[in-house]
Structures are given as C-alpha cells and as structure tokens.
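Observations on the three-dimensional arrangement
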Amino acid sequence: MKNIFKFAAVALLALAFAHAEHLKVGTNAVYPPFEFINDQNKITGFDIDLVDALSKKVGFTYEIVNMSFDGLIPALKAGKIDAIASGMSATAERAKAVDFIDPYFNTTNIFIKKADNDAIKTKADLAGKKIAVQIGTVQEAAAKEIKDANVMVNEDVAIAVMALKTGKADALLTDNLVGVEYIKKNPDLVAFLTEPDGSEGFSIAFNKNKKLDLIAKINAALKQIKASGEYDKLLAKYNLK
C-alpha cells in the first residue's frame with residue numbers, strides 16, 4: 001500500500017512539472033556578483049540563485065539565456081526571452097515597455113578611476129573627460145547628464161573596465177557593488193564617488209501586460225523568501241550584506 005501511495009505522489013509531482021510554465025530568462029553575465037560565468041564555465045550569481053529560489057516557490061521551470069545588456073528588452077519584446085534577471089534597475093522609462101516585480105535590491109552608482117590619476121577627485125573634474133559606461137544602463141544615462149563629459153559607450157562593463165585600465169577612458173561609471181568586485185581584482189583602480197542611481201532598485205522584468213498573474217505569484221514568493229531567511233542567506237553567499 002505504501003508503494004502505491006509513493007508511486008501516486010511521484011506521478012502527481014511529475015505531472016505538475018510537466019505542466020509547469022517554462023521561462024527563458026535573459027541575462028548579461030558580466031555583472032558580478034549578480035550574474036557572471038564561474039570557473040566551471042557556468043552562469044551563476046545572486047540573480048540566478050534568486051530566480052532558482054523563486055522557481056521552486058512558484059512552480060515554474062527556467063533556462064538562462066546570456067546576451068548583451070542592451071539587447072535584453074528588445075529580446076523580451078520580440079518574444080525571444082520571457083523574463084530579464086540581470087541586475088536591471090527599475091526605472092520609470094523602462095516601465096513604459098516592461099512590467100517589473102517588486103524591487104529586490106537597492107544599490108548606488110560608483111565612479112572609478114586609475115589609482116595614480118590625481119587630476120580627478122570630484123564629479124566636477126569629469127568635465128571634458130572620457131567616462132566609460134555600459135550601453136543601456138542607468139549609468140549611461142547618468143554619465144550623459146554630466147556637463148561637457150565625453151561618454152564612451154561599451155557593450156559590457158568588462159570592456160568599460162578595460163578601457164579605463166588601458167587609458168582609453170579617464171573614469172568608469174557603473175553599479176556600486178559591481179564596481180567594487182572589479183576593484184578587488186584590479187588594484188590599479190579606485191573609487192572616488194558614489195551617488196544614488198535614481199531607480200527603485202534591481203528587479204526582474206517581464207513583457208508589458210503579458211505575465212501579470214505570474215508577477216503576482218513571484219511577488220508573493222519573494223516575500224516568503226525574505227521572511228524565511230533564505231533571501232538573507234543569498235545575500236551572505238555573495239557578500240551583499
């Protein structure tokens with residue numbers, strides 16, 4: 001009798017997964033510690049682990065699709081992916097095209113320079129200077145607001161870091177925690193300013209008005225993950241607390 005019940009339970013579980021919604025989740029895996037490629041050539045990071053935790057709570061399956069950051073929203077609108085989990089800041093401008101879940105992490109912008117560059121000490125010193133940014137980010141928009149700055153747009157943040165290191169750029173503007181990770185690996189770089197990024201925080205995005213029921217379920221699951229302490233464990237895992 002026990003075997004019968006065990007078989008029935010397994011069958012029900014298999015049936016549930018067979019009907020689970022499958023999502024293609026787009027990311028740009030050059031944004032440590034939120035998404036990056038580890039030593040085993042696997043895409044990992046805080047955002048990826050959060051998606052995994054949410055999938056178990058809500059009951060969807062997923063696959064991660066790596067692509068350029070500026071291509072994420074166009075891919076979402078074209079139906080090539082179903083969601084974006086890529087350290088994406090929820091802004092009013094982006095909300096015109098996508099729906100965001102409740103923000104799950106707040107951060108700031110960070111300005112970085114070469115450690116031996118004494119000519120740049122304040123934001124005012126960036127006038128006439130070359131500032132490297134990643135295309136499509138809130139940092140690109142922030143850099144373009146700096147008077148007389150020459151904004152150098154790069155495909156990803158790793159290329160922007162290299163532009164700074166090789167002297168093609170005078171400064172780098174990126175997300176604070178991402179910038180700190182690159183500074184740890186590059187002792188020739190230092191931060192000289194942080195400021196608010198002007199967004200509601202990092203969020204997972206879905207195509208406009210396409211997944212409202214799923215978003216409601218994910219928001220509920222996010223609250224459960226935070227209440228249970230699982231969220232704090234993820235923060236600790238990636239040194240985010």
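My aim in this report is to walk through the structure given alongside it, one point at a time. (Residues numbered from 1 in each chain as written. Predicted model: local features only at pLDDT ≥ 70, side-chain atom pairs only at ≥ 80, totals over all residues. Heavy atoms only, no water.)

Concerning the side chain of Glu-195
Put simply, the rule is: Helix and strand labels come from DSSP, where a helix needs a run of H or I of at least four residues and a strand needs a run of E of at least two; each type is numbered from the N terminus. Between N or O atoms, a polar contact is any pair within 3.5 Å; within protein, one atom must be a potential hydrogen donor and the other a potential acceptor, and residues adjacent in sequence are included only when both atoms are from side chains. Contact between two residues is taken to exist if any of their heavy atoms lie within 4.5 Å; hydrogens are not considered.
Within the fold, Glu-195 resides in strand S12 (residues 189-196). Side-chain polar atoms of Glu-195 contact the side chain of Lys-123, separated by 3.1 Å. Excluding anything up to four places from it in sequence, Glu-195 contacts Thr-108, Asn-109, Phe-111 and Lys-123.

Some words on the pattern of salt bridges
Where we set the bar: A pair is scored as a salt bridge if a Lys or Arg side-chain nitrogen falls within 4 Å of a carboxyl oxygen belonging to Asp or Glu. Remark: exposure states derive from per-residue accessible area (1.4 Å probe, protein chains only) relative to the maximum for the residue type, with buried under 20%, exposed over 50%, and partly exposed in between.
Enumeration over the complete set of coordinates arrives at nine salt bridges. Two residues, Lys-96 and Glu-93, come together in a salt bridge whose shortest N-O distance is 3.1 Å. Both residues of the pair, Lys-96 and Glu-93, count as exposed. The salt bridge involving Lys-144 is made with Glu-140; its shortest N-O contact spans 2.8 Å. Residue classification places Lys-144 among the exposed positions, given a relative accessible area of 54%. By relative accessible area, Glu-140 is classed as buried at 12%.

Here we look at the nonpolar core
Let me state the cut-off plainly: Nonpolar core, defined: a set of buried Ala, Val, Leu, Ile, Met, Phe, Trp, Tyr and Cys residues in which side-chain atoms within 4.5 Å join the residues together.
Grouped together as the largest cluster of nonpolar side chains are 43 residues, with contacts concentrated most on Phe-46, Leu-54, Ile-101, Tyr-104, Phe-105, Ile-204 and Phe-206. Counting residues per element, the ones that place at least two in this core are strand S1 (22-27), helix H2 (46-58), strand S8 (108-114), helix H5 (157-165), helix H6 (176-185), helix H7 (212-228) and helix H8 (230-237). Ignoring any residue separated from it by four or fewer positions in sequence, one finds Ile-204 in contact with Val-51, Leu-54, Ala-83, Ile-84, Ala-85, Asp-99, Phe-100, Ile-101 and Tyr-104. If you look at the next biggest cluster of nonpolar residues, it comprises twelve residues, including Ile-73, Ile-84, Ala-90 and Phe-100.

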